[in-house]
Amino acid sequence: MKKQEIPKNPQAKTGNNVRKKTPPPQSDDSLGALHHFPIVGIGASAGGLEALEVFLRNVPVKSGMAFAIVQHLDPTRKGIMAELLQRSTPMPVVQIRDRMKVEPDHVYVIPPNRDLSILHGILHLLEPTTPRGLRLPIDFFFRSLADDLLDKSIGVILSGMGSDGTLGLRAMKEKAGVVFVQEPASAKFDGMPRSAIDAGLADVVAPVEELPGRIIAYLNHMPLRAARTDQPLEGKTQSALEKVLILLRTQTGHDFSLYKKSTVYRRIERRIGLHQVDGIATYVRYLRENPQEAELLFKELLIGVTRFFRDPEAWEYLKGKIIPQLLAALPAGGVIRAWTPGCSTGEEAYSLAIIFKEALEQVKPAGSFSLQIFATDLDKDAIDKARRGIYPANITADVSMERLRRFFIQEERGYQVGKEIREMVILASQNVIMDPPFTKLDILVCRNLMIYLSMELQKKLLPLFHYSLNPSGILFLGSAETIGTFTDLFSPLDRKARLYRRLDYAIGTEPVEFPPSFFPAVAATPGQVTAPKPVPNLQTLADQLLLSHYTPAAVLTSDKGDILYVSGRTGKYLEPAAGKANWNIFAMAREEMSYDLTGAFQKALRQQDAVTLKGVQVRNNGGVQAVDVTLQHITTPEALRGTVMIVFKDVAAPPERMATGKPVRASSRSTRVAELELELEQVRHELQTTREDMQTSREELKSANEELQSTNEELQSTNEELTTSKEEMQSMNEELQTVNNELQAKVDELSLAGNDMKNLLDSTDIATLFLDESLNVRRFTSRTSQIINLIPGDIGRPITDIASDMIYDELAGDAREVLRSLVSIEKPVGGDGRWFLVRIMPYRTLDNRIDGVVITFTDITVSKKLEAQLRKTQAALEKRIVEQNADLEERSEDRFRAEGKRGQSAKTAGAARSRQKKGETP
């Protein structure tokens, strides 16, 4: 059933009133004021590291709580979980050592290859007893936490595969602890959270980041229980509790008034803390305004804590001795009838069916026998789960692999009980304190149900169970339950196993009360038709007349003298003793026969023949009546075996002998007789006084014994509430083991890649600096510390707070610009005679998310020096070239002039030769 989530707004209205907002604790005084500071057990598996980091990140610095984290770790590798989680919280995170004391505001992490337990606030590490892959460390620790903190235990289930933690949460719920579960939609792996929710164990279901706040809100509103541990409820509280029970009866049809008030009140307190209301009076109003809360409280009161083969030794005794005896007493083809009231989700009913099948194979009877089991419970949802017969994979801790193979079918998310076993069990919804019981039973299995019922109701149920069983039937109780004072109804077969055999008494000291009579009778309404009176039977009336007038008075007693049946008029021989009513023959017998009757009674028990007291003188109405008293130890019929029949018969007084002899002798004899009678009267008086003193002492001792027995029963019930049944180690399913192996391979690959990257960065000799989105130092290479004054302690500090030898005031601004534009920046920067090429790039994750910047510093000092030399050489060369060019130009110009002159001369000479050829004169 889906649990109702607590409203996130602490100012949620309740009726016309608004609850006051409770501020989160700011110091140790907020929660540390409790006598025992809260210890929160956290279970996580696959995907749990991320969930744990988010959880711890949302825990206040001074919360006053301690956290114990249990994860599925590789037993062959060194645990690094503490170092990983330390990054997420300022609280100290330590790996647990044996006998480490838990302190508030600390986080404790389980080491690999160990099981974790807690005793009186001290953590203990144990060697695992099951092979790797079959361990359930979360269940183991949660059960230990429930035993140690009882109703103050707090369990948290985060991301993980499988169903580890579910059985441990059941133990917490049995002790009235509280359970917080991560919302499956927000978990990377929803197996463990969904298993806890489907089992109906989750009180709060929320995203992981909200869980710390929900826990703190619950603790701040949790009622202080130390003052009311065993104190009676105050008048107003008692009145409010009764109103809650009335509302429950009105809306669900079930009356919890006969349940233990302490158990009911404790469950109501949990709901008060979860809803953060002021007290039970306010909760009554909340219950009236929210009808769905009645259903949730109803589920809360039905403590469905069970498992397969709980207390294995008792089941083995049942299989090896009890069932073979029942089979031997049955004719061929017989049917063994069994009833398991309060069966919850059916584990114990199916356990009985499996045990019966194994006993049949062991005994191998000649005929065919069958078993019919009636399994009933008040919770209809539990009955529906039992009908499906599907259970989580972690039942392997209680059911052997051989039984799983033979009697179960493996499903996708667990195991289903086989059809052959399911057909033996008839499941039905029934209220054992309101509905008629099943009868003619051979076995009645009622385990850990009566411890939640009041002592008055327990004293009514045990005679009812006696009535329901066949002669020599078997009653199977829980490890903390006994038959109490009903030793005349049941005899123990094995006290440790809590197995009892029905004693065959046809006549009991008190009539059996059936469930409708457990509650006050309702007066008939006007006009209601009443059943017609039966017609008197003539034979019955005649028998009654004969018994009252013509049959001697008699009484039937137990072997202890308690009167079971009275026949005829016994008033002349018996009378009630003064003081508290006592229906014992020795207390009611008249004083004249009391002494003789005691001796004769013991003699009758020792021998088979009847014992008769002749002529016992009994004073009656001023006279003396002689009575013969006959005592017979009854051996047959079987129903009356062990009882004693005492018959009273009046006889005539012997005639007085006539006095003879002389008057003087007669007078002397009469005087002597008078003296003897006086002496006898004194002796009788003293004897009567002694008897009265003995009777008073006996009544006081009997009363003290009854009080001690009642106290013992209450202590046994309290012991059941304060301790949980021992459970073996739970196993991890194969799918989780496969995933763990794959995750471990990924971790190995990541480790190898990290080593390669480190060697790569070291080999390049490039200074690299990693900054997060806030420009805080995340990581840097050793080469970077030669440029910027960085030390390992600077991780997490802003880069602007760290001195540098470079003249680069725009470093932070350029880094922010890269985060904004996602465009890389590259520029040379100098300082202290050195030059570096600074490249700023965005830091991209594998899922293409920007998570800071990467800055590399490449030393270009040599290049800068070469560049300067080249520039200087280039300038000299350019100057020389300019000078050479000027000289060449001058030379070219002179040559040009010279060539011009030579050309002019040649031209003149040519002209002269031309004219000469033409015969011209110059």
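Residues numbered from 1 in each chain as written. Predicted model: local features only at pLDDT ≥ 70, side-chain atom pairs only at ≥ 80, totals over all residues. Heavy atoms only, no water.

Here the focus is unusual backbone geometry. A positive phi angle, near 55°, is found at H120, a position not held by glycine. Positionally, H120 belongs in the loop between β8 (115-119) and β9 (122-126). The backbone of S344 shows a phi angle near 60°, a positive value even though the residue is not glycine. Summarising the element assignment, S344 is placed in the loop between β13 (335-341) and α13 (347-363). By relative accessible area, which is 9% here, S344 ends up buried. (Helix = DSSP H or I, 4+ residues; strand = E, 2+ residues; numbered from the N terminus. Buried < 20%, exposed > 50% of the residue type's maximum accessible area, 1.4 Å probe, protein only.)

Our next topic: the sheet that holds strand β18 (residues 425-429). Spatial strand order, β18-β14-β13-β19-β20-β22-β21: seven strands in an open sheet with mixed pairing. If you trace the sheet from one side to the other, it starts and ends with β18 and β21 (490-494), each paired once. Along the sheet, successive strands turn relative to each other by an average axial angle of 20°, direction set aside. The pairing of β13 with strand β14 (residues 370-377) spans seven bridges and is classified as parallel. Bridging across to β14, T340 finds its partner in A375. Each of β13, β19 (441-446), β20 (469-477), β21 and β22 (499-502) is contacted by helix α12 (residues 312-329), which is oriented at about 20° to β22, the strand it contacts most. Packed onto the sheet, helix α14 (residues 380-388) meets β14 and β18 and runs at close to 160° relative to β18. (Pairing = 2+ DSSP bridges. Axes fitted to C-alpha atoms, helices over the stretch in contact; angles between N-to-C directions. Contact = heavy atoms within 4.5 Å.)

Before going further, it helps to examine helix α17 (residues 455-468). A turn of α-helix holds 3.6 residues, and therefore any two residues three or four places apart point the same way. With 14 residues, α17 ought to run about 20 Å at 1.5 Å a step, and its terminal C-alpha atoms sit 20 Å apart, in line with that. Taken across its 14 residues, α17 has ten buried, putting it largely inside the fold. Turning to α17, its buried residues number three or more, namely M455, L457, Q458, L461, L462, P463, L464, F465, H466 and S468. (Expected span 1.5 Å × (residues − 1).)

With that settled, the discussion passes to the sheet that holds strand β12 (residues 204-206). Pairing between the strands of a sheet is mediated by backbone hydrogen bonds and can be parallel or antiparallel. As summarised here, the arrangement of the seven strands in space is β5-β7-β4-β3-β10-β11-β12, forming an open sheet in which the pairing is parallel. In this open sheet, the two edge strands, each paired with only one partner strand, are β5 (93-95) and β12. This sheet shows a mean twist of 20° between the axes of neighbouring strands, independent of strand direction. Helix α2 (residues 48-57) rests against β3 (39-44), β4 (66-71), β7 (107-109), β10 (154-157) and β11 (178-182) of the sheet, and its axis sits at about 175° to β4. Contacting β10 and β11, helix α5 (residues 166-174) crosses the sheet at an angle of about 150° to β10.

Here helix α23 (residues 811-821) has its buried residues at L811, A812, D814, A815 and V818. For α23, the angular spread of buried residues about the axis comes to 165°, placing them on one side. Tucked into the core, α23 has its buried residues touching β30 (825-831), β31 (834-844) and β32 (850-859). Following α23 by one or two positions, L822 has its phi on the positive side, about 60°. (Arc of directions from axis to C-beta.)

Okay, the pairing of strand β27 (residues 644-651) next. In terms of strand pairing, strand β23 (residues 553-557) meets β27 through five bridges, oriented antiparallel. Across the sheet, the residue bridging to A553 is F648, located in β27. Bridge analysis of strand β26 (residues 623-633) against β27 gives eight bridges, and the strand direction is antiparallel. By the bridge assignment for β27, T630 is matched with V647.

Here the protein chain averages 77 in pLDDT, and 80% of its residues register 70 or above. Between residues 656-668, whose pLDDT stays under 50, and residues either more than four places distant or in other chains, the model counts zero contacts. (pLDDT = per-residue confidence, 0-100.)

Within the fold, D379 resides in the loop between β14 and α14. Taking relative accessible area as the criterion, D379 reaches 10% and is therefore assigned buried. Of the polar contacts made by the side chain of D379, one reaches the backbone nitrogen of D381; its length is 3.1 Å. (Polar contact = N/O pair within 3.5 Å; in protein donor to acceptor, adjacent residues only side chain to side chain.)

The tally for this structure, following the rule as stated, stands at 29 salt bridges. One salt bridge connects R403 with E316, and the closest N-O pair in it is separated by 3.5 Å. Placement of the pair is R403 in helix α15 (residues 401-407) and E316 in helix α12, with a sequence separation of 87 residues. Owing to a relative accessible area of 39%, E316 belongs among the partly exposed residues under this scheme. One salt bridge in this structure joins E893 and R897, with 3.8 Å as the shortest N-O distance. In this pair, E893 and R897 both sit in helix α24 (residues 861-918), four residues apart, roughly one turn of the helix. The class of R897 is partly exposed, set by a relative accessible area of 45%. (Salt bridge = Lys/Arg side-chain N within 4 Å of Asp/Glu carboxyl O.)

Our next topic: the packing of aromatic side chains. A full pass over the atoms with the stated rule returns 15 aromatic pairs. On the numbers, 5.6 Å between centres and 80° between planes, the contact of F308 with F408 is edge-to-face. Of this pair, F308 sits in the loop between α11 (291-301) and α12 while F408 sits in strand β16 (residues 408-411), and the two are 100 residues apart along the sequence. Assessed through its relative accessible area of 6%, F408 is described here as buried. Following the ring pairs from residue to residue traces out a cluster consisting of F308, F309, W315, Y350, Y391, F408 and F476. The cationic tip of R403 hangs over the ring face of F309; the distance from NZ or CZ to the ring centre is 4.2 Å. When the ring centre of Y843 is taken as origin, the NZ or CZ atom of R778, which lies over that ring, is 5.3 Å away. (Phe/Tyr/Trp six-rings, centres within 6.5 Å; stacked < 30°, edge-to-face > 60°. Lys NZ or Arg CZ within 6 Å of the ring centre and 35° of its normal.)

A contiguous patch of negative charge on the surface is contributed by E591, E681, E692 and D693. By secondary structure assignment, the location of D693 is in helix α21 (residues 663-722). On the basis of relative accessibility, which here comes to 46%, the residue D693 falls in the partly exposed class. (Patch = residues over 30% accessible without salt bridge, like charges linked within 9 Å, V, L, I, M, F, W, Y side chains within 5 Å. Areas by Shrake-Rupley, 256 points an atom, 1.4 Å probe, with all protein chains shown as cover. Lys, Arg positive; Asp, Glu negative; His and termini not counted. Charge placed at Lys NZ, Arg CZ, Asp CG, Glu CD.)

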